[in-house]
Amino acid sequence: IQYHDLSNVLLTDKALFYPKPYTDKQKEIHPYTIAKTMKNGWRWITPTWSRVGTGYVFSSNHITVDQAIQEFQEDIGDDTVIPNVVDFHPKYSTKTFNSNYMTLGMCNGFLEPLEATSIWVQVKALSVLQNKIERFGIDGEIGREQFNSALRQMNEEILNFLHFHYL
């Protein structure tokens, strides 16, 4: 699989995450995600019915994991929190649909944690593939290069959208 590397333009490459128990569910629960600016990235705060999903996306070129954990703990107000650490590499596949396979999900690309537009690309890819198969059959010419080109364009549009987040 060939990927288009985006690490030169999307600098975040690590995330901390922690399933935080409610301290006061009535005050903390709400039907939206908060995206909060941090010193070297951003923090999400997403209440669910049973807990608050929260994490910190950051660039390891600008802060160490230990420093990020400390900043995260300070922001939460609890220095006993031990978050999980995830590495990621921002990229997308240049050939989603190859000879006899199609890459979907995170093996197709990962631009930014919590960025729902990446999910949209996968749903759109499946929809386009279904329409092509219904039209041409499983063995027919379904326009692999046009399909791959359209998905590359979608990923580039998401990249542009993400740039607006960081301006």
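The coordinates are above.
Residues numbered from 1 in each chain as written. Predicted model: local features only at pLDDT ≥ 70, side-chain atom pairs only at ≥ 80, totals over all residues. Heavy atoms only, no water.

**Remarks on the overall build of the chain**
Then comes step 1: A count of helices and strands for the chain gives four helices and eight strands.
Then comes step 2: Secondary structure elements of the chain, listed N to C terminal, follow the sequence β-β-α-β-β-β-α-β-β-β-α-α.
Then comes step 3: Across its three principal axes, the chain shows a C-alpha extent of roughly 60 × 35 × 25 Å.
Then comes step 4: Here the chain, with 167 residues, has 39% of them falling under the buried criterion.
Then comes step 5: By sequence separation, contacts in the chain at least 24 residues apart represent 62% of the contacts at least 6 residues apart. (Helix = DSSP H or I, 4+ residues; strand = E, 2+ residues; numbered from the N terminus. Buried < 20%, exposed > 50% of the residue type's maximum accessible area, 1.4 Å probe, protein only. Contact = heavy atoms within 4.5 Å.)

**A few points about the environment of Leu11**
Then comes step 1: Looking at the element boundaries, Leu11 is found in the loop between β1 (3-5) and β2 (14-20).
Then comes step 2: The contact partners of Leu11, leaving out residues within four places of it in the chain, are Ser59 and His62.

**Brief notes about empty space enclosed by the protein**
Then comes step 1: As enumerated under the stated definition, the model contains one cavity of 30 Å³ or more in all.
Then comes step 2: The calculated volume of the largest cavity comes to roughly 40 Å³.
Then comes step 3: Lining the largest cavity we find Tyr92, Asn108, Gly109, Phe110, Ser118, Val121, Gln122 and Asn155.
Then comes step 4: The greatest single-element share of the lining of the largest cavity, amounting to three residues, is contributed by helix α3 (residues 117-136).
Then comes step 5: Residue composition of the lining of the largest cavity, grouped by class: three nonpolar, five polar and no charged. (1 Å grid on protein atoms, 1.4 Å probe; cavity = no way out; pocket = protein on both sides within 12 Å on 5 of 7 lines; lining within 4 Å. Points joined across faces, edges and corners; volume = space filled by probe spheres on them. Nonpolar A, V, L, I, M, F, W, Y, C, P; charged D, E, K, R; others polar.)

**Some points on the nonpolar core**
Then comes step 1: The biggest cluster of nonpolar side chains holds 15 residues, and the ones touching the most others in it are Leu6, Leu10, Met102, Leu111, Phe147 and Leu151.
Then comes step 2: For this core, the secondary-structure elements that each account for two or more residues are α3 and α4 (144-166).
Then comes step 3: Broken down by element, the residue count for this core peaks at six residues, all from α4.
Then comes step 4: In contact with Leu111, not counting residues within four places along its chain, are Leu6, Leu10, Phe88, Pro90, Lys91, Tyr92, Ser118, Asn155, Ile158, Leu159 and Leu162. (Core = buried A, V, L, I, M, F, W, Y, C linked by side-chain atoms within 4.5 Å.)

**Details of the sheet that holds strand β5 (residues 52-58)**
Then comes step 1: Ordered by their spatial adjacency, five strands build an open sheet running β3-β4-β5-β2-β6, and the pairing between neighbours is antiparallel. Each of the sheet's edge strands pairs with one partner strand only, and the pair in question is β3 (34-38) and β6 (84-87). Averaged over all pairs of adjacent strands, the angle between their axes in this sheet comes to 20 degrees, without regard to strand direction.
Then comes step 2: Its contacts with the sheet place helix α2 (residues 65-76) against β2, β3, β4 (41-47), β5 and β6, and it is angled at close to 140 degrees to β5. (Pairing = 2+ DSSP bridges. Axes fitted to C-alpha atoms, helices over the stretch in contact; angles between N-to-C directions.)

**Some details on the pairing of β3**
Then comes step 1: Pairing of β3 with β4, which is carried by five bridges, proceeds in the antiparallel orientation. Each bridged residue has a counterpart across the sheet, and for Met38 the counterpart in β4 is Gly41.
Then comes step 2: In this structure, the hairpin formed by β3 and β4 is closed by a connection of two residues.

**Here we look at a nonpolar patch on the surface**
Then comes step 1: Taken together, Ile1, Tyr3 and Tyr101 make up a surface patch of nonpolar side chains, about 280 Å² in accessible area.
Then comes step 2: Take Ile1: it is sitting in the segment before β1.
Then comes step 3: Among the residues examined, Ile1 registers a relative accessible area of 56% and is labelled exposed. (Patch = residues over 30% accessible without salt bridge, like charges linked within 9 Å, V, L, I, M, F, W, Y side chains within 5 Å. Areas by Shrake-Rupley, 256 points an atom, 1.4 Å probe, with all protein chains shown as cover. Salt bridge = Lys/Arg side-chain N within 4 Å of Asp/Glu carboxyl O.)

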